[in-house]
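Chains, contacts and geometry: an overview
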Amino acid sequence: MAIPGNMLSAATESMDPTYTGWRPRLNCSLASGTGGRNGPKTLVVKSTAAGETQAETVTGYSVTAGQAYQVFADSSSATEVERIGLEWLDATYSPVGAILWSLPTATASASWHRVGVAGVAPAGAARVRVVLSSTAAGAAVSHSWENVYLGVPLRTTGNLFSFNTESPEIDATAWTAGTNTTVGRQAPMVSWAADWYWAGAQVLTLTATGSGTVLATTVETPVVTPGVEYLGYCYLAPPTTGSSAWVELRFYDGAATQLSVTRATLAPASTGYQRQRVSAPAPAGAVTCRLAVGMDSATAAQVLRVEQAVVMEAPAMRAGTVLPYADASFEQGVAGWTKISGVATIARSTPWGTYALDGSYALTMSSATATASTIRSARFPLPTGSGGLGFRVQFGEIVTAGGWTTTRGIRWYDAANTDLGLTTAAAAAVPSPSWWLLSSDQTAPAGATQAAVELTLTATTTSSTIQLDRVALWQALPLITSIPQAASASITVTLRELDIGDLITVYRVTADGKRTLVRGPNGLLDGSVTVASDLMVIEDYEAPLLTPVSYRVEFLDPVTGGVQTRTVDQVTVPHPDVNEAWLKDPGAPQRNTKVLVKTAPNWQRAVEQAAYRVAGRRNAVVLSDVRGGLEGELVVWTRTDDERAALHWLLDPGHVLLWQAAPGMGVADMYVSVGQITEGRVGGPATEPWREWSLPLTEVDMPTTVGVGGSAGRTWRDILTEFASWEAVRDEYATWEDVFLDRRIGG
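As the structure is a computational prediction, the values presented were derived from the model and not from experiment.

Considerations on the overall build of the protein
For the protein, the helix and strand inventory stands at 7 helices and 53 strands. Here the C-alpha coordinates of the protein stretch approximately 100 × 80 × 60 Å along the principal axes. A buried classification covers 47% of the 747 residues belonging to the protein. In the protein, of all internal contacts separated by at least 6 residues, the share reaching a separation of at least 24 is 74%. For the protein, the computed accessible surface area is about 31,900 Å², with 54% contributed by carbon and sulfur atoms.

Focus on the layout of surface pockets
Roughly 570 Å³ of internal volume is contained in the second largest pocket. Lining the second largest pocket are 18 residues; nearest its centre among them are Leu 437, Asp 499, Ile 500, Asp 502 and Asp 557. Sorting the residues of the lining of the second largest pocket by element identifies β31 (436-443), β42 (549-556) and β43 (563-571) as the ones contributing at least two each. In terms of residue class, the lining of the second largest pocket is built from 10 nonpolar, 4 polar and 4 charged.

Describing the sheet that holds strand β17 (residues 244-252)
Hydrogen bonds between backbone atoms are what pair the strands of a sheet, whose relative direction is either parallel or antiparallel. Pairing in this open sheet of 5 strands is antiparallel, and the strands run β12-β15-β20-β17-β18 from one edge to the other. Each edge of the sheet is formed by a strand with only one pairing partner; in this case those strands are β12 (175-177) and β18 (258-265). Direction aside, the axes of adjacent strands within the sheet are offset by 25° on average. Direction of pairing for strand β15 (residues 212-218) relative to strand β20 (residues 288-298): antiparallel, over a ladder of 5 bridges. Bridged to Leu 215 within β20 is Gly 294.

Here we look at the pattern of salt bridges
A complete count under the given rule lists 37 salt bridges for this structure. Between Arg 23 and Glu 56 there is a salt bridge, and its shortest N-O distance comes to 2.8 Å. Residue Arg 23 is found in strand β1 (residues 22-26), and its partner Glu 56 is found in strand β4 (residues 51-57); the two are separated by 33 residues along the sequence. For Glu 679, the salt bridge goes to Arg 644, with nearest N and O atoms at 3.8 Å. Of this pair, Glu 679 sits in strand β52 (residues 678-681) while Arg 644 sits in helix α4 (residues 641-651), placing them 35 residues apart in sequence. Look at Glu 679 and you get partly exposed, because its relative accessible area is 31%. Under the relative-accessibility criterion, Arg 644 is labelled partly exposed at 23%. Members of the salt-bridge network, linked through shared partners, are Arg 155, Asp 718, Glu 722, Glu 732, Asp 742 and Arg 744.

Remarks on empty space enclosed by the protein
Applying the stated criterion across every chain, the model contains 1 cavity of 30 Å³ or more. Roughly 40 Å³ of internal volume is contained in the largest cavity. Lining the largest cavity, in full, are Val 518, Arg 519, Glu 539, Asp 540, Tyr 541, Glu 542, Pro 586, Pro 589 and Val 708. Across the lining of the largest cavity, the residue classes break down as 5 nonpolar, no polar and 4 charged.

Some thoughts on the packing of aromatic side chains
Each aromatic ring pair is characterised by the separation of its centres together with the angle its planes make. With the rule as written, the count across this model stands at 16 aromatic pairs. An angle of 55° between the planes, with centres 6.0 Å apart, marks the rings of Trp 192 and Tyr 273 as tilted. One end of the pair, Trp 192, is in the loop between β13 (181-186) and β14 (203-208); the other, Tyr 273, is in the loop between β18 and β19 (274-281), and 81 residues separate them in sequence. An identical accessibility class is assigned to Trp 192 and Tyr 273; each is buried. Considering the side-chain rings of Phe 391 and Trp 412, the 5.8 Å spacing of their centres and the 65° angle between planes classify their relative orientation as edge-to-face.

Some thoughts on the pairing of strand β9 (residues 109-120)
Where burial is concerned, most of β9 is hidden: 9 out of the 12 residues are buried. As paired elements, strand β6 (residues 68-77) and β9 share 9 bridges and run antiparallel to each other. Of the residues in β9, the one forming a bridge with Ser 75 is His 113.

Points about a nonpolar patch on the surface
A grouping of Tyr 612, Val 614, Val 621 and Leu 623 is seen on the molecular surface, where their side chains present a nonpolar patch of about 340 Å² in accessible area. Structurally, Leu 623 can be placed in strand β48 (residues 621-624).

Quick word on the state of the cysteines
Going through the model one piece at a time under the given rule, you end up with 0 disulfides. In this model Cys 234 remains outside any disulfide bridge; the closest cysteine sulfur is found in Cys 289, 13 Å from its own. The class for Cys 234 is buried, based on a relative accessible area of 0%.

Focus: the side chain of Asp 718
Mapped onto the elements, Asp 718 comes out in helix α5 (residues 716-722). Reaching out from Asp 718, the side chain makes a polar contact with the side chain of Arg 155 at a distance of 3.1 Å. Looking at Asp 718, its side chain comes within polar contact range of the main-chain nitrogen of Thr 715, at 3.0 Å. In contact with Asp 718, other than residues within four places in its own chain, are Arg 155, Thr 156, Thr 157, Gly 158, Asn 159 and Gly 713.

Comments concerning the nonpolar core
Counting residues in each nonpolar core, the largest one holds 39 residues, and the members touching the most others are Leu 323 and Leu 473. Secondary-structure elements contributing two or more residues to this core are β16 (229-237), β21 (303-313), α3 (325-329), β24 (363-367), β27 (390-401), β28 (404-413), β32 (450-459) and β33 (464-475). With 6 residues, β33 is the single largest residue contributor to this core. The residues contacting Leu 323, other than those within four sequence positions of it, are Ala 328, Trp 337, Phe 380, Val 453, Val 471 and Leu 473. Of all hydrophobic cores here, the second largest spans 35 residues; its members include Ala 174, Tyr 230, Ala 245 and Cys 289.

Here is what the cut-offs are and how they apply
- Residues numbered from 1 in each chain as written.
- Predicted model: local features only at pLDDT ≥ 70, side-chain atom pairs only at ≥ 80, totals over all residues.
- Heavy atoms only, no water.
- Helix = DSSP H or I, 4+ residues; strand = E, 2+ residues; numbered from the N terminus.
- Buried < 20%, exposed > 50% of the residue type's maximum accessible area, 1.4 Å probe, protein only.
- Contact = heavy atoms within 4.5 Å.
- Areas by Shrake-Rupley, 256 points an atom, 1.4 Å probe, with all protein chains shown as cover.
- 1 Å grid on protein atoms, 1.4 Å probe; cavity = no way out; pocket = protein on both sides within 12 Å on 5 of 7 lines; lining within 4 Å.
- Points joined across faces, edges and corners; volume = space filled by probe spheres on them.
- Nonpolar A, V, L, I, M, F, W, Y, C, P; charged D, E, K, R; others polar.
- Pairing = 2+ DSSP bridges.
- Axes fitted to C-alpha atoms, helices over the stretch in contact; angles between N-to-C directions.
- Salt bridge = Lys/Arg side-chain N within 4 Å of Asp/Glu carboxyl O.
- Phe/Tyr/Trp six-rings, centres within 6.5 Å; stacked < 30°, edge-to-face > 60°.
- Patch = residues over 30% accessible without salt bridge, like charges linked within 9 Å, V, L, I, M, F, W, Y side chains within 5 Å.
- Disulfide = S-S within 2.5 Å.
- Polar contact = N/O pair within 3.5 Å; in protein donor to acceptor, adjacent residues only side chain to side chain.
- Core = buried A, V, L, I, M, F, W, Y, C linked by side-chain atoms within 4.5 Å.

The following block contains the structure:
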């Protein structure tokens, strides 16, 4: 799969089917190798003699001076260290300054590992070339490369930090050292997955100058909103498994006074890179935040390595859940959970990564005796007017020793914190082995404004242990809804409580039972798309007008092969004026427009034929291909300058369009290609805004691979983080639509 935003072609990125985008630069020959992860092929750089070898891209790629660019690749060699560089070139392909090189990797490694660097294109740079370098001990030494990216820096969507804070590929200036600490960079051999693009080759280092605590904080102080819960995380590689490495989320007021700090300590399973999370709500008065990383009780010269620093709004375990991340995922401890009765103990699981449904930890509950114990979360506010509404509590569990039964319940409270009682489901045996999601539905009593999750777990044998994770409590809403949207002639389908990882198929079903696949962000939702969130909103802009339709959704578990189905009652897209029709771009619904029809097409259907007149025969022999689709000219009016501009905007890209007219007009919904258009005046004064358009239409098949364009989670906060000024945004994007779609000039 191509790396998103890569300026390199797919072949130059993956070396498949061969390495045509590369050529020798110094002391080497090139060959095609095997064993790649981004496709089967690799680039093999073979030394001609001892010394440095270099390969380079054949093409110099267009860049803008002053813009940051990133390059990375995956490399493998049992004997050589390597580096990667950006060679800046002017418009005549002459070098502009020296090559920007990455740090050389610390040692050689036959395992695939990441090599990369980033930097700002200098003044005078118009192009850039990627250079791969290694140093051979002799002739005929091979070095393998693949999975090469060149483009704007890749940062985590939603991260409040800029790229240089998230990943030290440019330098280490985005971090400031505390006492007993020096901050630097290294290029260790780290084997990231081939499709993990958010960690580079160079990592931040915190080196102890003496015994004691080492500490570094981000220089950036992004703006936060009081009351909003934030999640911070980074990868930590401690010097030993006994090291006390940690990450902190710190909040500050407008005078830069620290208001709160929350720490999460890593329980290391190894000295490798382990992502540690920390979360907390921004307190009252908070204006900015920082991320801090450190290590307690370090000895002189010990090094803590750090990669991919992120602070973002905390995700919810389920859409609408009232439990904050800390109490749902147990990444920094047991949060507000307490034992109410019994002999069991509760604690965060250890070490990192042993048990988890979300993140890297779970809540561990252990009972030495075969008795019941009750645990309860903290109280959390419910949505306004929750009294009498249904709520669902859900949690994941895995039995790791002995056996258990559980009673799942919700304890309710009013605004004065008065206990309104506990509602529970019947006790049931906890299933095992493996992880299971257990849930229970309860109704909030009148006056309930707060709730806590309360679980009574009974060990059925001595020395029983159970892990809990991904706890959620939310108002139970319909699993599927469909709502027509008159303004956009579309239907919004909302799917809730989805199982992440399932493959989804969505059909639009008409009254005669005909099924049509519905379009998603990457094309038709045909069973090849993986569910990535428990909430999915589908905007169906291709639903027919004034025609009742329902939806059928199928979910396939790729592991078990089990299929689940959801359906929803019929709804109808309104269309008040039968004299109007819609012209829609399936991949860019923001361009869809409504037009007033003057004349519907008189259709023709072309056919390829050849007639052969045989001597002595009265009738010709005619050979004919299948008859083609409909062809004709649609004549429409636009009534205002805005309508005229909207129709031009729709027609500009030359995409396949969907033409929709009201039922009863003798025209079915049709995908069409629009030929050369004519825009004419309708008479009257020069200021008359009406225009008459002739649109030659040719019927075509429904596009299947076109996806509905969207921002893919990007917000204005991402734009503000990535660009220093609005002038910089205007330099990078041609239109506001390009900003929305992150479609950069020259990208």
